[in-house]
Amino acid sequence: DTGVSQDPRHKITKRGQNVTFRCDPISEHNRLYWYRQTLGQGPEFLTYFQNEAQLEKSRLLSDRFSAERPKGSFSTLEIQRTEQGDSAMYLCASSLGGPANYGYTFGSGTRLTVV
Amino acid sequence: KNQVEQSPQSLIILEGKNCTLQCNYTVSPFSNLRWYKQDTGRGPVSLTIMTFSENTKSNGRYTATLDADTKQSSLHITASQLSDSASYICVVGGGYQKVTFGTGTKLQVIP
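Residues numbered from 1 in each chain as written. Chains lettered and ligands numbered in written order. Predicted model: local features only at pLDDT ≥ 70, side-chain atom pairs only at ≥ 80, totals over all residues. Heavy atoms only, no water.

Visitor: Quick rundown of the interface of chain A and chain B? Include the residues and the values.
Guide: The interface of chain A with chain B comprises 20 residues on the first partner and 18 residues on the second. A buried area of about 1500 Å², summed over both sides, lies between chain A and chain B, and 47% of it is on carbon and sulfur atoms. Interface area lost by chain A to chain B is led by Ala100, Tyr104 and Phe106 of chain A, which between them contribute 31%. Taken together, the links from chain A to chain B amount to 1 salt bridge. As a salt-bridge pair, Glu56 of chain A and Lys98 of chain B come within 2.9 Å of each other at their nearest N and O atoms. At the boundary of chain A with chain B, the tally comes to 10 residue pairs in polar contact (both at pLDDT 80 or more). Elements that contribute at least two residues to the side of chain A that touches chain B include exactly β4 (31-37), β9 (88-95) and α1 (99-102) of chain A. If you tally residues by element for the side of chain A that touches chain B, the top one is α1 of chain A, at 4 residues. Its residues placed into classes, the side of chain A that touches chain B shows 9 nonpolar, 9 polar and 2 charged. (Contact = heavy atoms within 4.5 Å. Buried area = accessible area lost by both parts, 1.4 Å probe. Salt bridge = Lys/Arg side-chain N within 4 Å of Asp/Glu carboxyl O. Polar contact = N/O pair within 3.5 Å; in protein donor to acceptor, adjacent residues only side chain to side chain. Helix = DSSP H or I, 4+ residues; strand = E, 2+ residues; numbered from the N terminus. Nonpolar A, V, L, I, M, F, W, Y, C, P; charged D, E, K, R; others polar.)

Visitor: Before we move on, can you summarise the sheet that holds strand β3 (residues 19-25) of chain B with the specific residues and values?
Guide: In any sheet, the strands associate via hydrogen bonds between backbone groups, in a parallel or an antiparallel arrangement. Residue and element names in this part refer to chain B. Overall, antiparallel pairing links the 5 strands, which are arranged β1-β3-β8-β7-β6 in an open sheet. Pairing within the sheet leaves two strands with one partner each, and these edge strands are β1 (4-7) and β6 (56-59). The mean angle between the axes of side-by-side strands here comes to 15 degrees, regardless of whether they run parallel or antiparallel. Both β1 and β3 contribute to a ladder of 4 bridges, which runs antiparallel. Along β3, the bridge assignment pairs Ser7 with Gln22. (Pairing = 2+ DSSP bridges. Axes fitted to C-alpha atoms, helices over the stretch in contact; angles between N-to-C directions.)

As far as function goes, none of this settles anything; it's purely spatial.
This is the structure we're talking about:
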């Protein structure tokens, strides 16, 4: 197991286009999280899954954002009709249990630039 | 509202020098506190974790302290190296498995 993998590492897209990111968590981890991070800020929570169930979504996750984890393994995060304000690093993390007790293992992130 | 504040926001030090980063929190109830290191363009990696009963934890040249009474933590880096250049994020675990992230301290170590 090589840790949490995210693909792509970088994505440049034109405003209004749709983008999709993929995250492959550590296989034993049943919890998967998506965070967004802008320059000079800490990660902001977007959503999390326990197995295939999406249990919590942040108010930051507008209607243009959708996340799935269809088989309880990998997850995808889709942003529709991208806006310049969506430019950020999108981090995926997985955890064996509750993050307060078990901590996170983060992927290297997907850097999105909307032009 | 649960908050985690870190200082300084950024710091530049000479290679070989020591430095201390601060984290103040208002998370309640408190579960634990972690320090993460985030290299540029990478995800955060855990350095240390401390619970309520622990007041110091070391990981190589990194030493974290925790004062649960004053709700303060510090991360001390000894004999800094160029590879220590990164952002350091304080993350506090609270009730119901909620975590609160600080905004980080960006450290630059120069030769």
